[in-house]
Amino acid sequence: METRLSYAPEEIICPVDRSELSDLALKYAYVGARLFNASLTILHAMHFDYPRYLSRELTAKVLKELENAKAAARDELEDHVGRVLGPMDSKIPVRYQASDSEPVAAIMQALAENHADLVVMGTHGYSGFKQWMLGSVTESVLHRARVPVFTVRQKVNDFIDATQAEARPNIRHILCPCNMTVAAGQALQVAAALAGRLDARLTAMWSMESATAADENTFSAWVQKTIGASPNTDSLVQGGSAASQAIALAGSMACDLIVIGAHHKPFDQGTVVGRTTELVLRHASVPVLAVPFYSEQQ
């Protein structure tokens, strides 16, 4: 596999709904924009249900009112972002968009129109039965997007106060669960590129039912072939379920981010991602960057 340690998003989309969770996502998106000198588009969706039948005069009136509402929403959005982030770096291009589409359609349209290569959004951490579900908007975007999706939730090891403008997230340790597939290799390359840019530690993990010393050597060789040797990279072979081990390690090692491959497989008129990826996204107590992989046939 070719070693390619370049990951530099140029256009970031961050949907916000003015909740504390989306404010946290906004902080991560802004840190990413500064880190990569990327443009940042902040999106707010406000869906309207139109009457089915309108006269020409009423149609013109509704459209005018809609444009006024979107302009007011953009102004309110800009004020809200200023309160959440405080003074922003003037070198970072920031755009504000208000859409009258439902959230998933608005996000996908913004990704296409802005040629974005990263979306940053909040996702709820549920308990009990709801823990088996991602937020419907996040899940839909994850299944449809062809760019990495950064899902944000609070880190239990380092709480970030989303209400404080000066609070900024910090990523010092990245965990990348791998199974030595092409999709995992692509995710590991992204994780290594991020770790290099952030001067963070990277732990690559392979989980299997019963690990041996030979397996550890095999995995270590695969990691070095994929991303090269680095003093800031560890390779680790664990026994048991990949998802449960990744979730547990993220907590015990005080990781700040999990980077995982999302292998999209055709299903009906959409795609599904692997079971391990879904479980990590649902249960991890830290943000997760899902790196999509589509087979050539898709």
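Quick caveat, the model's predicted, so the values are computed rather than measured.

1. Considering the overall build of the protein
Argument step 1. For the protein, the helix and strand inventory stands at eight helices and eleven strands.
Argument step 2. The proportion of buried residues among the 298 residues of the protein is 49%.
Argument step 3. Within the protein, contacts between residues separated by at least 24 positions form 80% of all contacts whose residues are at least 6 apart in sequence.
Argument step 4. Surface accessibility of the protein: about 14600 Å² in total, with carbon and sulfur atoms responsible for 52%.

2. Looking at the pattern of salt bridges
Side chains that differ in charge, positive against negative, can pair when their charged atoms come close.
Argument step 1. All told, the structure shown has nine salt bridges when counted by the stated rule.
Argument step 2. Close ionic contact of Arg18 with Glu76 constitutes a salt bridge, the shortest N to O distance being 3.4 Å. Separated by 58 residues along the polypeptide, Arg18 in the loop between strand E1 (11–15) and helix H1 (20–36) and Glu76 in helix H2 (residues 56–85) bring together distant segments of the chain.
Argument step 3. The partner of Glu278 in a salt bridge is Arg282, with the nearest N and O atoms 3.5 Å apart. One end of the pair, Glu278, and the other, Arg282, are both in helix H8 (residues 275–283), four residues apart, so they sit about a helical turn from each other.
Argument step 4. The exposure class assigned to Glu278 is buried, which follows from its relative accessible area of 13%.

3. Some thoughts on the packing of helix H7 (residues 242–252) against H8
Argument step 1. Between H7 and H8, the least distance of the axes is 8 Å, while the angle of their chain directions is 30°. On the basis of their axis angle, the class for H7 and H8 is roughly parallel. The chirality of how H7 crosses H8 is right-handed. Residues Ala242, Ala243, Ala246 and Ile247 of H7 form the contact with H8, whose participating residues are Thr276, Leu279, Val280 and His283.
Argument step 2. In the contact of H7 with H8, the residues fall into six nonpolar, two polar and no charged.

4. Notes on the side chain of His173
Argument step 1. Along the chain, the position of His173 falls in strand E6 (residues 173–177).
Argument step 2. Among the polar contacts listed, one links the side chain of His173 to the side chain of Thr203, at a separation of 2.9 Å.
Argument step 3. Leaving out residues up to four positions away in the same chain, His173 has contacts with Ala200, Arg201, Thr203, Met253, Ala254, Cys255, Asp256 and Leu257.

5. Details of helix H5 (residues 182–198)
Argument step 1. The first and last C-alpha atoms of H5 sit 24 Å apart over 17 residues, in line with the 24 Å expected at 1.5 Å per residue.
Argument step 2. Among the 17 residues in H5, twelve count as buried, and that is most of the element.
Argument step 3. Buried within H5 are the following residues: Ala183, Ala184, Gly185, Ala187, Leu188, Gln189, Val190, Ala191, Ala192, Ala193, Leu194 and Ala195.
Argument step 4. Immediately beyond the C-terminal end of H5, within one or two residues, lies Asp199, with a positive phi of roughly 55°.

6. Quick look at the nonpolar core
Argument step 1. Counting 55 residues, the largest nonpolar core has Val120, Ile174, Leu188, Leu194, Leu202, Val259 and Leu289 as its most contacted members.
Argument step 2. Sort the elements by how many residues they give to this core and H5 lands first, with nine residues.
Argument step 3. What Leu289 contacts, discounting residues up to four positions off in sequence, is Leu118, Pro148, Val149, Phe150, Val190, Leu194, Leu257, Ile258, Val259 and Ile260.

7. Observations concerning the environment of Cys176
Argument step 1. Within the secondary structure, Cys176 sits in strand E6.
Argument step 2. Dropping the residues within four chain positions of it, Cys176 is found in contact with Ala187, Leu188, Ala191, Leu202, Thr203, Ala204, Met205 and Val259.

8. Quick look at the packing of aromatic side chains
Argument step 1. Taken as a whole and judged by the stated rule, the model has four aromatic pairs.
Argument step 2. Look at Tyr7 and Phe36: their rings are 6.0 Å apart centre to centre, the planes differ by 80°, and that puts the pair in the edge-to-face class. Residue Tyr7 is found in the segment before E1, and its partner Phe36 is found in helix H1; the two are separated by 29 residues along the sequence.
Argument step 3. On the basis of relative accessibility, which here comes to 13%, the residue Phe36 falls in the buried class.
Argument step 4. With 5.4 Å between their ring centres and 40° between their planes, Tyr28 and Phe150 make a pair best called tilted. A residue pair is termed long-range when its members are at least 10 positions apart, and Tyr28 in helix H1 and Phe150 in strand E5 (residues 149–152) qualify at 122 residues.
Argument step 5. A relative accessible area of 7% places Tyr28 in the buried class.
Argument step 6. Exposure remark for Phe150: the relative accessible area of 9% places this residue in the buried category.
Argument step 7. Members of the aromatic cluster, each reached through a chain of ring pairs, are Trp206, Phe219 and Trp222.
Argument step 8. The ring centre of Tyr294 lies 3.8 Å from the NZ or CZ of Arg146, which sits over that ring.

Criteria and thresholds
Along every chain, residues carry numbers that run from 1 in the direction the sequence is written. In keeping with the predicted nature of the model, local features appear solely for residues at pLDDT of at least 70, side-chain atom pairs appear and are counted solely at 80 or more, and the whole-chain, interface and lining totals rest on all residues. Computation of side-chain values covers all heavy atoms of the structure but excludes hydrogens and water. Runs of H or I in DSSP of at least four residues are treated as helices and runs of E of at least two as strands, each being numbered from the N terminus. The buried label applies to any residue whose accessible area, calculated with a 1.4 Å probe on protein chains only, is under 20% of its type's maximum; exposed applies above 50%, and partly exposed to all values in between. By definition in these notes, contact holds between two residues if any of their heavy atoms fall within 4.5 Å. Note that accessible areas follow from Shrake-Rupley with a 1.4 Å probe, and for residues the cover is restricted to the protein chains shown. We define a salt bridge as a contact between a side-chain nitrogen of Lys or Arg and a carboxyl oxygen of Asp or Glu at a distance within 4 Å. Every axis in this analysis is a line fitted to C-alpha atoms, fitted for helices over the stretch in contact. Angles between the N-to-C directions lie between 0 and 180 degrees. Here the angle decides the label: under 35 degrees means roughly parallel, over 145 means roughly antiparallel, 65 to 115 means roughly perpendicular, and every other value means oblique. Handedness of a crossing is defined here by the sense of rotation of the near helix relative to the far one, left-handed for an anticlockwise turn of less than a right angle and right-handed for a clockwise turn. All amino acids are sorted into three groups, where Ala, Val, Leu, Ile, Met, Phe, Trp, Tyr, Cys and Pro are nonpolar, Asp, Glu, Lys and Arg are charged, and the leftover types, Gly among them, are polar. Distance and chemistry together define a polar contact, namely a pair of N or O atoms within 3.5 Å, with one atom able to donate a hydrogen and the other to accept it when in protein, and with adjacent residues in sequence counting only for side-chain atoms on both sides. By this rule the span expected of a helix is its residue count minus one, scaled by 1.5 Å. Only buried residues count toward a nonpolar core, which is a set of Ala, Val, Leu, Ile, Met, Phe, Trp, Tyr and Cys residues joined through side-chain atoms within 4.5 Å. Side-chain rings of Phe, Tyr and Trp, where Trp is taken by its six-membered ring, are said to pair if the distance between their centres is within 6.5 Å; with planes under 30 degrees apart they count as stacked, over 60 as edge-to-face, and otherwise as tilted. Here, over-ring charges are defined by two tests on the NZ atom of lysine or the CZ atom of arginine: distance to the ring centre within 6 Å, and angle to the ring normal within 35 degrees.

It is worth stressing that arrangement in space is one thing and function is another; only the former is reported here.
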